[in-house]
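# Structural characterization, general
One letter stands for each residue in the lines below.
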Amino acid sequence: MTKSGAGRLIIKNAAELVTCSGFAAKRGAEMNQLHIIKDGAVIMEKGVITAVGTTADIVGPAEEKNCTIIDASGKTVLPGFVDSHTHLVFGGNRSEEFTWRLAGESYMSIMQRGGGIASSVKATRADSEHHLIEICAQRLDSMLEFGVTTVEAKSGYGLDLGTELKQLRVMMELNRIHPVDVVPTFMGAHALPEEYKGKKDDYIDYIINSVLPKVVFGKLAEYCDIFCEQGVFSITQSRKLLSMAKSLGLKLKIHADEIISLGGAGLAAELGAVSADHLLMASDQDLIAMKDSGVIATLLPGTAFSLKEPYARARFMIDQGMAVALATDFNPGSCYTESIPLIIALATLQMGMSPAEVITGLTINGAAALNRADRIGSIDVGKAADIVIHNCPSHTFLAYHMAINNVEKVIKNGRVIKIKV
Ligand code: NIG
Ligand code: FE
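Residues numbered from 1 in each chain as written. Chains lettered and ligands numbered in written order. Predicted model: local features only at pLDDT ≥ 70, side-chain atom pairs only at ≥ 80, totals over all residues. Heavy atoms only, no water.

## Overview of the packing of helix H9 (residues 235-247) against helix H10 (residues 264-271)
Packing of H9 against H10 brings their axes to within 11 Å, and their N-to-C directions diverge by 25°. Taken together, the axes of H9 and H10 lie roughly parallel to each other. Crossing of H9 over H10 shows right-handed handedness. Contact residues: Ile235, Ser238, Arg239, Leu242, Ser243 and Lys246 in H9; Gly264, Leu267, Glu270 and Leu271 in H10. Grouping the amino acids of the contact of H9 with H10 by side-chain chemistry returns four nonpolar, three polar and three charged. (Axes fitted to C-alpha atoms, helices over the stretch in contact; angles between N-to-C directions. Helix = DSSP H or I, 4+ residues; strand = E, 2+ residues; numbered from the N terminus. Parallel < 35°, antiparallel > 145°, perpendicular 65-115°, else oblique. Left-handed = near helix turned anticlockwise from the far one by under 90°. Contact = heavy atoms within 4.5 Å. Nonpolar A, V, L, I, M, F, W, Y, C, P; charged D, E, K, R; others polar.)

Structure (structure tokens):
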């Protein structure tokens, strides 16, 4: 499937054209403004949006000549979703661990006795590059079904040079062969590998000296991320790795303050990370520091749900004027789901977000969390024509019709690539 744009395509008569208009992250009250056009239309040419407005204003006989027309009467049209935090590339599965968690064992206790991430590391090391590409392409197909047109993916199931680079090459190849765009993140500091037991500082040095330079030299990642958590990597270790990654030109993300309040959110502010993610236990002070430094709060309600953790304080963050993005955290352990409808249900019903705020978190703010708010995440002239038609009369139905996938057509770079029959 080619990634280049198609000929002219018009969507017209949309009950709601939800533009999410904007070229930067939306903060605070702005998150509730979706910029909806009733009886909306959008014209795309060569993969780019060329006109946006009411059907009456922008579509006439001249525009309709020599192009494909989609009648979206009674439907809601949105930008493609941007899933800005996933662990897409891994071998094997952890279904057994899921049953242990259901029986009451905690995520961290499974991790501490050598299961959890370590078990996915074993499977990912053993899997071939070819097979990983095959299974991950299927995962991307599934994401596409939910209207996701761009996804971030993290390495971190290799924890050695060869396998980390293998994971990143898999992402590069997926980006080439699959219509969904894949944004690569290097997360070599996702856990401590068995070989470095008791030598965490040495492992961070190994990542800094032996892996990171090769990732940067090979242009294999845009971001560097680390699991900054008690029992995993400390603030000092996180600062050391992330500062080095930044000096080498990578942008930063951080798994911060998920299980205890360690100060990862504050570190994100200090280092100017693009986002800090999870944040269930982040302190008020660190959240305000994030806001002041323009760090996006990426919230992952699927993980809190799956781990039976308390949800992140989305209401507090938005009311303080922060920019919040939402993502799945798709991974084999703490949150094995690609389901955007599940995320929408949890964010509205459990975190007190409005349907509009949730849509902002999954579109323009997701794009901003990947430094792409200038190119994707909204239906604005000049942006990539990544657009999804939902079979429902208003955006509210995305939350109201709970956990149901309303996606009918997905348009990626101006081409219709998914049609529900
Ligand atoms: O974001 N917190 C660390 N990393 C992932 C889980 C990865 C795994 O369990 O495989 C997360 O939840
Ligand atoms: Fe994660």
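Alright, that's what it looks like, and here's the rest.
## Details of empty space enclosed by the protein
By the definition in use, this model includes three cavities of 30 Å³ or more. Considering only enclosed or pocket space, the largest cavity measures out at about 100 Å³ in volume. Looking at the largest cavity, it is lined by 13 residues, and the ones nearest its centre are His87, Tyr107, His190, Asn331 and Ser334. Class assignment for the residues of the lining of the largest cavity results in four nonpolar, six polar and three charged. (1 Å grid on protein atoms, 1.4 Å probe; cavity = no way out; pocket = protein on both sides within 12 Å on 5 of 7 lines; lining within 4 Å. Points joined across faces, edges and corners; volume = space filled by probe spheres on them.)

## Description of the coordination of the iron ion (ligand 2)
The iron ion (ligand 2) binds to the protein through His85 (NE2), His87 (NE2), His255 (NE2) and Asp329 (OD); the donor distances cover 2.1 to 2.3 Å. If you list the donors of the iron ion (ligand 2) from N- to C-terminus, the spacing comes out as H-x1-H-x167-H-x73-D. On the criterion of sequence distance, the pair formed by His87 in the loop between strand S6 (81-83) and helix H3 (95-102) and His255 in strand S10 (residues 251-256) is long-range, its members being 168 residues apart. The two residues His87 and His255 agree in class, both being buried. (Donors = N, O, S within 2.8 Å, 3.2 Å for Na, K, Ca; no water. Buried < 20%, exposed > 50% of the residue type's maximum accessible area, 1.4 Å probe, protein only.)

## Quick word on the site of ligand 1
Arg94, Tyr107, Tyr157, His190 and Ser334 are the nearest of the 16 residues found near ligand 1. In the model, a nitrogen atom of ligand 1 is placed 2.8 Å from a nitrogen or oxygen of the His190 side chain. Coverage of ligand 1 by the protein amounts to 100% of the 330 Å² it exposes when considered alone. Taking a 2 Å distance to the grid points as the criterion, the majority of the atoms of ligand 1 fall inside the largest cavity. The class makeup of the residues in the shell around ligand 1 is four nonpolar, nine polar and three charged. (Near = heavy atom within 4 Å. Polar contact = N/O pair within 3.5 Å; in protein donor to acceptor, adjacent residues only side chain to side chain. Areas by Shrake-Rupley, 256 points an atom, 1.4 Å probe, with all protein chains shown as cover. Sits in = over half its atoms within 2 Å of the grid points.)

## Observations regarding the layout of surface pockets
By volume, the largest pocket amounts to about 560 Å³. Met111, Gly114, Ala118, Leu192 and Glu194 are the residues nearest the centre of the largest pocket, which is lined by 21 residues in total. Mapped by element, the contributors of at least two residues to the lining of the largest pocket are helix H4 (107-112) and helix H5 (117-126). Examining the composition of the lining of the largest pocket, we find that six residues originate from one element, H5, more than from any other. Counted by class, the lining of the largest pocket contains nine nonpolar, five polar and seven charged residues.

## Examining helix H6 (residues 129-145)
Owing to its 3.6 residues per turn, the α-helix brings residues three or four apart onto one side. Over its 17 residues, H6 runs 24 Å from end to end, which matches the ideal 24 Å to within 8%, given 1.5 Å per residue. The elements touched by buried residues of H6 are H5, strand S7 (148-154), helix H7 (161-177), strand S8 (181-189), strand S15 (407-412) and strand S16 (415-419). Taken from the residues just after H6, Gly147 is the one with a positive phi, measuring 90°. (Expected span 1.5 Å × (residues − 1).)

## Some thoughts on the pattern of salt bridges
Counting across every chain of the model gives 22 salt bridges. Across the salt bridge formed by Glu195 and Arg125, the nearest N and O atoms sit 3.0 Å from each other. Of this pair, Glu195 sits in the loop between S8 and helix H8 (200-217) while Arg125 sits in helix H5, and the two are 70 residues apart along the sequence. A residue is classified by how much of its surface remains accessible, and Arg125, at 29% relative accessible area, is partly exposed. With its nearest N and O atoms 3.1 Å apart, the salt bridge here joins Asp319 to Arg315. With a gap of four residues between them, Asp319 and Arg315 both fall in helix H13 (residues 314-319), about one helical turn apart. (Salt bridge = Lys/Arg side-chain N within 4 Å of Asp/Glu carboxyl O.)

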